[in-house]
Amino acid sequence: NWTTHSVVEEQVAAIRAQVGTKRAICGLSGGVDSAVAAALVQQAIGDQLTCVYVDHGLMRKGESEQVEKDFVAATGVQLKVVDAEERFLNALAGVSDPEQKRKIIGREFIRVFEQAQAELVAEAGAEGEEVAFLVQGTLYPDIVESGGGTGTANIKSHHNVGGLPDDIEFELVEPLRQLFKDEVRMVGSELGLPDEIVHRQPFPGPGLGIRIVGEVTKDRLDLLREADAIAREELTAAGLDREIWQCPVVLLADVRSVGVQGDGRTYGHPIVLRPVSSEDAMTADWTRMPYDVLARISTRITNEVPDVNRVVLDVTSKPPGTIEWE
Ligand code: XMP
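Nothing here was measured: the structure is a model prediction, and the numbers come from that model.

Attention shifts here to the site of the ligand. In the vicinity of the ligand, the residues found are Pro202, Pro204, Gly205, Pro206, Gln246, Ala281, Lys318, Thr322, Ile323 and Glu324. Residues of the shell around the ligand, tallied by class, amount to five nonpolar, three polar and two charged.

This is how it looks when you write it as structure tokens:
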């Protein structure tokens, strides 16, 4: 007799027993899993938890604010925000290759996160406290897929604050490890998290960095953020946001085509809509979306987003196409 309420009560008790009076750190990604894990741990141990959010500048419109304001307001969690946009953009300058982008974003992310972590460990140490736990939003399917196993995370810190040991060893707290995604969403709602976080569609870690075909620049990111926000708004207004698995919006930054807009000829970029239906993202079909919704998205994007003069629909299933373009 699974009820969300009893799951919350059980997990809160288990977390208190595990952590005791020590301190814990949790990285927030903006995604559902880390948000619900953090909210549960916050419920259990309050100010013994500190969350870290690395803003890499590759999030969609409003998503960083959702973490920094709405999540904090809903949970009262202590949050350390690292604004690393410039660092990520510098590291990505001149890079168009998808695998290169993924590697750079992953590498920078780990460095920034570990540095923030080391600072928190040092600050706690100065107060005579010990940070001994790392909270992770691991779900049941994640454990099954990776063949089980838990324990400690041995994190090598590349950017050590003076006087810290090279290796910081944390014990993992994984309060969602018995749950499936839909159950995690229910727990999130039970804990009072906003719908925009609880019902968020999957979004890749490298963010919009892998939804710009071509080099990633601030201007291109801003442009894609506008187009993506319009698509999301219209999907939500049409009640399709929870029905569609996800809808990447992609900017073909290296492609230009001729258009006619306002006073005359334009030479702008295409935006691709990639709505897919799926159970687990391993396979997917392109979503047969109502034409009127597609028409509204197309009209709004070409009217409201500068430099975009064409909107195209991706009608490829997976396989052969992946969900993301890079
Ligand atoms: P593909 O493009 O491989 O994507 O069909 C399958 C699912 O995974 C998401 N995705 C990622 N998620 N880090 C993530 O956390 C990543 O690097 C990443 N790449 C793809 C994608 O959005 C889809 O849901």
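Next, the rest of the story.
Quick look at the packing of helix H2 (residues 32-45) against helix H7 (residues 181-190) now. The interhelical angle for the contact between H2 and H7, taken along N-to-C directions, is 45°, at an axis separation of 9 Å. By the criterion of interaxial angle, the relationship of H2 to H7 is oblique. Seen along the crossing, H2 lies across H7 with a hand that is left-handed. Within the contact between the two elements, H2 uses Val32, Asp33, Ala35, Val36, Ala39 and Leu40 and H7 uses Val184, Arg185, Val187 and Gly188. Here the contact of H2 with H7 is composed, by residue class, of seven nonpolar, one polar and two charged.

In this section: the domain arrangement of the protein chain. How big an interface is tends to be stated in terms of the accessible area lost upon association of its parts. For the protein chain, the domain assignment lists domain 1 (4-197) and domain 2 (211-313). Centre-to-centre separation of domain 1 and domain 2, based on C-alpha positions: 30 Å. Tallying the contact residues gives 10 residues for domain 1 and eight residues for domain 2. Across the side of domain 1 that touches domain 2, the residue classes tally to four nonpolar, three polar and three charged.

Let us look at the pairing of strand S4 (residues 131-135). Burial within S4 is extensive, with five of its five residues counted as buried. Note: strand S1 (residues 23-28) against S4, four bridges, orientation parallel. Of the residues in S4, the one forming a bridge with Ile25 is Leu134.

Ala24, Cys26, Val36, Ala38, Val41, Val135 and Ala227 are the most contacted members of the largest nonpolar core, which totals 72 residues. With 10 residues, the single largest contributor to this core is H2. Each of domain 1 (4-197) and domain 2 (211-313) accounts for three or more of the residues forming this core. Filtering out sequence-adjacent residues up to four positions away, Val41 remains in contact with Ile15, Ala24, Cys26, Leu49, Val135, Val173 and Pro175.

This paragraph deals with the environment of Val312. Residue position: Val312 is located in strand S13 (residues 308-313). On the basis of neighbour counts, which here come to 14 C-beta atoms within 10 Å, the residue Val312 falls in the partly exposed class. Distance from Val312 to Val144, taken between C-alpha atoms, is 38 Å for residues 168 residues apart in sequence.

Mapped onto this numbering, the UniProt entry gives "binding site: ATP" (unreviewed entry) at Ser29, Gly30, Gly31, Val32, Asp33, Ser34 and Ala35. Within the secondary structure, Gly30 sits in the loop between S1 and H2. Locating Ala35 in the fold gives a position in helix H2. Contacts of Ala35, omitting those with residues within four sequence positions, involve Leu28, Phe71, Gly188, Leu193 and Ile197.

Alignment of strand S9 (residues 257-261) against strand S10 (residues 264-273), held across five bridges, turns out to be antiparallel. Looking across to S10, one finds that Val258 is bridged to Tyr267. Here S9 folds back onto S10 in antiparallel fashion, the turn holding two residues, of which Gly262 has a positive phi close to 55°.

Thresholds, definitions, all that
- Residues numbered from 1 in each chain as written.
- Predicted model: local features only at pLDDT ≥ 70, side-chain atom pairs only at ≥ 80, totals over all residues.
- Near = placed C-beta within 6 Å.
- Nonpolar A, V, L, I, M, F, W, Y, C, P; charged D, E, K, R; others polar.
- Axes fitted to C-alpha atoms, helices over the stretch in contact; angles between N-to-C directions.
- Helix = DSSP H or I, 4+ residues; strand = E, 2+ residues; numbered from the N terminus.
- Parallel < 35°, antiparallel > 145°, perpendicular 65-115°, else oblique.
- Left-handed = near helix turned anticlockwise from the far one by under 90°.
- Contact = placed C-beta atoms within 7 Å.
- Domains from an automatic or database assignment.
- Buried ≥ 20, exposed ≤ 12 C-beta atoms within 10 Å, placed from the backbone.
- Pairing = 2+ DSSP bridges.
- Core = buried A, V, L, I, M, F, W, Y, C linked by C-beta atoms within 7 Å.
- UniProt positions renumbered as here; feature names shortened; annotations may be inferred.

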